[in-house]
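A structural walkthrough
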Amino acid sequence: MHLHKSKQLFARAQQLIPGGVNSPVRAFKHVGGIPPFIASAKGAYLYDVDGNTYIDYVNSWGPMIMGHAYEPVVRAIQEQVQHSTSYGAPTELEVLLAEQILRMVPRIDQVRMVNSGTEACMTAIRLARGFTDKNKIIKFEGCYHGHADSFLVQAGSGVATLEIQEVPGVPSSVAADTLVAPYNNLQAVDTLLETYAGEIAAIIVEPVAGNMGCVLPLPGFLEGLQQRCQEQGIVFIVDEVMTGFRLAPGGAQERFQLDADLITFGKIIGGGLPVGAVGGKREIMSLLAPSGKVYQAGTLSGNPLAMIAGYTLLRELDLNRHIYEALEQKTQQLIDGLNTVFGKKAIVHQIPHIGSMLSVFFTEYPVHDFVAASAASNELFKQFFHAMLEKGIYLPPSPFESWFVSYALSDEDIAKTIKAAEESIEQILSR
Ligand SMILES: *Cc1c(COP(=O)(O)O)cnc(C)c1O
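Keep in mind that what you see is a predicted model, and the values were worked out from it rather than measured.

**Structural notes on the sheet that holds strand β8 (residues 235–239)**
Taken in spatial order, the seven strands of this open sheet run β4-β10-β9-β8-β7-β5-β6, and their pairing is mixed. Either end of the sheet is taken by a strand with one partner, and the two such strands are β4 (110–114) and β6 (178–181). This sheet shows a mean twist of 20° between the axes of neighbouring strands, independent of strand direction. Sheet analysis places β4 next to strand β10 (residues 276–280), joined by five bridges and oriented antiparallel. The residue of β10 that forms the bridge with Gln110 is Gly280. Helix-sheet contacts for helix α4 (residues 117–132) involve β4, β5 (136–140), β7 (200–205), β8, β9 (262–265) and β10, and the interaxial angle to β9 is about 165°.

**Here's the deal with the environment of Gln165**
Note that Gln165 resides in the loop between α5 (158–161) and α6 (172–175). For Gln165, a relative accessible area of 70% corresponds to the exposed category. On a C-alpha basis, the gap between Gln165 and Leu152 in space is 9.5 Å, while along the polypeptide they are 13 residues apart.

**Some remarks on the domain arrangement of the chain**
Its domain assignment divides the chain into domain 1 (4–69 + 321–429) and domain 2 (71–319). Put simply, the middle of domain 1 and the middle of domain 2, counted by C-alpha atoms, are 25 Å apart. Listed as interface residues are 38 residues of domain 1 and, on the opposing side, 38 residues of domain 2. Roughly 3,200 Å² is buried in total at the junction of domain 1 and domain 2, and carbon and sulfur atoms are behind 63% of that figure. Three residues stand out in domain 1 for area buried against domain 2, namely Arg321, Tyr324 and Ile354, and they jointly supply 22% of the buried area on that side.

Conventions we followed
- Residues numbered from 1 in each chain as written.
- Predicted model: local features only at pLDDT ≥ 70, side-chain atom pairs only at ≥ 80, totals over all residues.
- Heavy atoms only, no water.
- Pairing = 2+ DSSP bridges.
- Helix = DSSP H or I, 4+ residues; strand = E, 2+ residues; numbered from the N terminus.
- Axes fitted to C-alpha atoms, helices over the stretch in contact; angles between N-to-C directions.
- Contact = heavy atoms within 4.5 Å.
- Buried < 20%, exposed > 50% of the residue type's maximum accessible area, 1.4 Å probe, protein only.
- Domains from an automatic or database assignment.
- Buried area = accessible area lost by both parts, 1.4 Å probe.

Next comes the structure, spelled out in structure tokens:
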């Protein structure tokens, strides 16, 4: 495998774009080396500009649950594009997507479409503050809710990967309103709730953390948060940008039988186009302008291409629910194979997983929070990542990111991945 053209493009990109990328983790800074520049993708495969093929476990960081260039979505976009790409006026497509979301996700009444997960989370927090007339929020260490000021405090994903402790440019006055507790730690939440009694607008949580690797909620954690919010008049925000439409047709809200006040969406909701949404109880949602005074807007929000892509993908998922079982089977197959490979060579490891999300931590201890995730071997992860890439397996370039299994992944692809893992481990051990 060579990366001549990628190398040249990366050099050019670095001159023109800070770090050569338009989103930090893509730069491979943590694992080192040159990121392959992608020329195209189809199904389970990525093709780079140097002619290398990869089996993809990133899937655009989540959206490509059916694999790349999924025919129904491609056709729907092609059909729509002839009728202009934006009007800045209401369309039937927005109604169709809103109806589709509310059909799939239980216990929410309204949605507002935005352009990214970041925007969805920003809007949710503003709504919570507007609704409660309070300023402070509680988030969890290692959870990522996009790059808005309020959330860049002990955030996961790229912030964790790049080991940025404090983000310059985030005013300390804003950061002071963001309180942080360790994931899965209700006691720490209770301490914050006592210390800041009457000041908390919202608790925001990833129902399955996917931005410090994949970390599952312990039994009772989410329910405990929800109960505290209900008792104390705090807005319970479940960030389903990653888990929405992935863990189940109705996401974590369905899978864990939650009753969130607000839910944020992104990734799968746009079928690979830039879309986010915030949904929730009518009582809170109706505060959004123009029905209420909490202002939020967007020139390209509800964009027709994005709406038709999202609507088409969600409808397929809704009508073909066996997809979710198949995804779990594929994921289990992969995990069984990896467990065997690592077990044979006595590589200590954990593979937390749920639905079609997983990640590999090289540690002997179970991972329930960011401290435990950080204690896993970075060095082994880096070596494993590069050995796998070399063999055509495209994993997220950080141990703090989830792997995603797509429906396009065949048994043969999974078998190839497991074989590559076996060879990679042998290679690493023989060094
Ligand atoms: C990706 C992600 C976001 C941010 O979404 P963008 O579309 O990248 O702005 C927010 N929350 C969670 C849980 C995410 O995984």
